[in-house]
Amino acid sequence: MLRGCHGIPQSCVYVWCFVSIVVPSPSSSPPHDCVTVLKSGDIHILRLLRMEADKIRVQQFNPAREKDMARKDIETIYAVIGRG
């Protein structure tokens, strides 16, 4: 069970208490929904749009917007392969 997942930015796509199935090894690639675990301990469900050497470009769902995240702040990225 993932704790610390931010429900509001993903609320139109991922409903609180739904189960998200993730690949247990970091294997996400664009474009794919993913669980992003930050070194701070925060967990986000976002759509991975682009991966670069020093950052990733993601889309949050609510409100819909794109943003960059520094790779140095990211612990790991897991692909979401199912939900329900």
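These notes cover the structure that comes with them.

Reading the values: the criteria
Residues numbered from 1 in each chain as written. Predicted model: local features only at pLDDT ≥ 70, side-chain atom pairs only at ≥ 80, totals over all residues. Heavy atoms only, no water. Helix = DSSP H or I, 4+ residues; strand = E, 2+ residues; numbered from the N terminus. Buried < 20%, exposed > 50% of the residue type's maximum accessible area, 1.4 Å probe, protein only. Contact = heavy atoms within 4.5 Å. Areas by Shrake-Rupley, 256 points an atom, 1.4 Å probe, with all protein chains shown as cover. Salt bridge = Lys/Arg side-chain N within 4 Å of Asp/Glu carboxyl O.

### Section: the overall build of the protein
Summing up its helical and strand segments, the protein has zero helices and six strands in all. Shown N-terminal to C-terminal, the secondary structure of the protein runs as helices and strands in the order β-β-β-β-β-β. Looking at the 84 residues of the protein, the share that counts as buried comes to 31%. The long-range fraction of contacts in the protein, counting pairs at least 24 apart against all pairs at least 6 apart in sequence, stands at 53%. Total accessible area computed for the protein in this model is approximately 5,200 Å², and 56% of it derives from carbon and sulfur atoms.

### Describing the pattern of salt bridges
All chains considered together, the criterion is met by six salt bridges. The residue Asp68 makes a salt bridge to Lys55 at a minimum N-O spacing of 3.5 Å. Separated by 13 residues along the polypeptide, Asp68 in strand E5 (residues 64–70) and Lys55 in strand E4 (residues 55–61) bring together distant segments of the chain. Residue Asp68 is classed as partly exposed on the basis of its relative accessible area of 38%. Given the relative accessible area of 27%, Lys55 is considered partly exposed. Residue Arg57 pairs with Glu66 through a salt bridge whose shortest N-O separation is 3.2 Å. Taking relative accessible area as the criterion, Glu66 reaches 46% and is therefore assigned partly exposed. Taken together, the shared-partner salt bridges connect Lys55, Arg57, Glu66 and Asp68 into one network.

### Notes on the side chain of Thr36
Looking at where Thr36 falls in the secondary structure, it is placed in strand E2 (residues 32–38). The buried category is assigned to Thr36, whose relative accessible area is 0%. Discounting chain neighbours no more than four positions away, the residues touching Thr36 are Asp42, Ile43, His44, Leu46, Met69, Ile74, Thr76 and Ile77.

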